[in-house]
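So the chains spell out like this:
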Amino acid sequence: MRRHAAALMLAVGLLGGVYAAPATWHAALGIAVLAAGWAVDPLVAKRVGAPRRWVGMTAILAAIGLWLGPMDGKLGGVSISAAGALAATTMTARALGLVLLGSAAGALYPAERALARLRRTRLQRFAEVLVVALDLVPSLVDALRAARARMGIFETFVFAVEHASALADTVARRLSAPEEQG
Amino acid sequence: VSASRITESERFWGHATAFGAMWGALEATVGTFLHALKIPFGGTVLAATGAAFLVALRVVYPKRGVLLAAGAVCAGVKLLSPSTNVVGPMVGILVESLLVELACLGFGANPISATLGGALAALWALSQKVLTQIVLYGAPVVALYKELLQRAEKWLHLAPSGGVRVVAPFAALVALIGAAAALFGLRAGRAALARRAR
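Attention here is on the structure that accompanies the text. (Residues numbered from 1 in each chain as written. Chains lettered and ligands numbered in written order. Predicted model: local features only at pLDDT ≥ 70, side-chain atom pairs only at ≥ 80, totals over all residues. Heavy atoms only, no water.)

### Regarding the overall build of chain B
Thought 1: Tallying secondary structure elements over chain B gives seven helices and zero strands in all.
Thought 2: Scanning chain B from its N terminus toward the C terminus, one meets helices and strands in the order α-α-α-α-α-α-α.
Thought 3: Taking the principal axes of the C-alpha coordinates as reference, chain B spans close to 70 × 35 × 30 Å.
Thought 4: The 198 residues of chain B split such that 47% are buried.
Thought 5: Within chain B, counting contacts between residues at least 6 apart in sequence, those at least 24 apart form 69% of the total.
Thought 6: As presented, chain B carries roughly 9500 Å² of accessible surface, and 71% of it is formed by carbon and sulfur atoms.
Thought 7: The centroid of the 17 positive side-chain charges in chain B is displaced by 7 Å from the centroid of its 7 negative side-chain charges. (Helix = DSSP H or I, 4+ residues; strand = E, 2+ residues; numbered from the N terminus. Buried < 20%, exposed > 50% of the residue type's maximum accessible area, 1.4 Å probe, protein only. Contact = heavy atoms within 4.5 Å. Areas by Shrake-Rupley, 256 points an atom, 1.4 Å probe, with all protein chains shown as cover. Lys, Arg positive; Asp, Glu negative; His and termini not counted. Charge placed at Lys NZ, Arg CZ, Asp CG, Glu CD.)

### Quick word on the interface of chain A and chain B
Thought 1: Chain A puts 51 residues into the contact, and the matching count from chain B is 51 residues.
Thought 2: Summing the contributions of chain A and of chain B, the shared interface buries around 4600 Å²; its carbon and sulfur component is 77%.
Thought 3: For the interface between chain A and chain B, the tally reads three salt bridges.
Thought 4: The partner of B:R196 in a salt bridge is A:D169, with the nearest N and O atoms 3.6 Å apart.
Thought 5: On the surface where chain A and chain B come into contact, there are six residue pairs in polar contact (both at pLDDT 80 or more). (Buried area = accessible area lost by both parts, 1.4 Å probe. Salt bridge = Lys/Arg side-chain N within 4 Å of Asp/Glu carboxyl O. Polar contact = N/O pair within 3.5 Å; in protein donor to acceptor, adjacent residues only side chain to side chain.)

### Section: the nonpolar core
Thought 1: Within the largest apolar cluster, 67 residues are counted, with the highest numbers of intra-cluster contacts made by A:F157, A:V161, B:W13, B:F19, B:F53, B:V73 and B:V100.
Thought 2: The leading source of residues in this core is helix α1 (residues 8-37) of chain B, at 12 residues.
Thought 3: For B:V100, the residues in contact, after removing those within four places along its chain, are B:A51, B:L54, B:V55, B:L67, B:G117 and B:A121. (Core = buried A, V, L, I, M, F, W, Y, C linked by side-chain atoms within 4.5 Å.)

### Observations regarding empty space enclosed by the protein
All names here are of chain A.
Thought 1: This structure, assessed with the given rule, holds one cavity of 30 Å³ or more.
Thought 2: Put simply, the largest cavity is a space of about 50 Å³.
Thought 3: As for the largest cavity, its lining consists of V33, L34, G37, W38, A45, V48, L96 and L100.
Thought 4: Taken together, the residues that form the lining of the largest cavity break down as seven nonpolar, one polar and no charged. (1 Å grid on protein atoms, 1.4 Å probe; cavity = no way out; pocket = protein on both sides within 12 Å on 5 of 7 lines; lining within 4 Å. Points joined across faces, edges and corners; volume = space filled by probe spheres on them. Nonpolar A, V, L, I, M, F, W, Y, C, P; charged D, E, K, R; others polar.)

Read these as spatial facts, not as claims about activity.
Shown next, in the form of C-alpha cells:
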C-alpha cells in the first residue's frame, strides 16, 4: 500500500514538474520518475509499461516534432524544429505522469474492492449481474472460438446472438432465485 | 423457478448480463485476432463489431435501456479483467452503447437506426483515439495533427481547407464501415430471432 502511495506521489510530482519547470527539464524529470517508479513500486511500474516503450514513444514524438514544428534550428544544413522536439519531451512526460497516476490509483483502490462496496449499496443488482457475467465470459470465449472454427463469420455472429439470447433466460432465472443457485 | 415467476426486471438484467458477457467475449476473440494480424484501426473494427452486436440485441429484446445496461456490464467485465489497459476500452464500450441506444431510442432497431448507430459508434472509436491523445499529451497534439493534415493536403494537391478535405473522406469511410457492420448485426439479430421462434 505504501509503495502504491509513493508511486502516486511520484506521479503528482512529475505532473507538477511538467507544469512548473521549464520544458528543457521535462525529459530529465520523466527519466528520473520512471527510474524511481521501478525502484519504489515495480508492480505499478510494470503497469505503466516498459521503459523501452517510453523511450521509443519519445523518439517517435521528437522526430515528428523536429519535422512538423516551427523551423527554428539547423542540423547538418537541414532546417529542424528544436521547439517541436522539446514539446515532444513535455508531451511524453505529461503522458507518463497521467498513466502513472492512473496505475497507482488503480493499485491503491482495486476494482474488486469497488465491486464489494457496490454490493452494499442500492446498485446491488448491478454488482450481482457483474459477478454472473464474469463467470460466463471464459466459457463464452471458448464457445465462440469453437463456433468460429466450424462456421463462417455471419453464422458465428448469429450463433453468438442466439446463444446469448438463450443464456439470458437462464441468467434471469438465476437472478430471480439466487439463494437456490447458491 | 417457473418462467412465469421471472419478473420483467429480471428478464431485462438477464439480457443485459448475457449480452454484456458475450460482448466481452467477442471483444476478447476479435481483439486477439486483430492484434495477432496487426490490422490497422483495430479500434474501429472492434467498435463496429460492438455496434452490430448491440443492434442484434435490440432486435431479439426490444426494450429501451437494455443496450446501455449491456454496455455497463461489458465495461464492468473489462474493468475486472486482468488486462492493464482497461480505462480506454471501458469508456469506448460505454459511449458506443450510449450512441447505439440513442439511435434506437425512437423506433427500435431498423435499417435507419442501425445505420446511424453503427456510423456513430465507429466515428466515436476514431474520435476517442484523438481525444485520449489530447488528454494524455496535451494541446500540442492538436497543432501536430493540424500541421500533418495541411501537409497531406499539399501532397495530395488539394485546395487548402485546414485539413477538412483529408479528414472528411476518411471519416466517411469509417462511418460507412460502422453502418455496414450494424446492418450486418440487424440481419444477424433477425436470423437469430427466427431460429429461436422455430
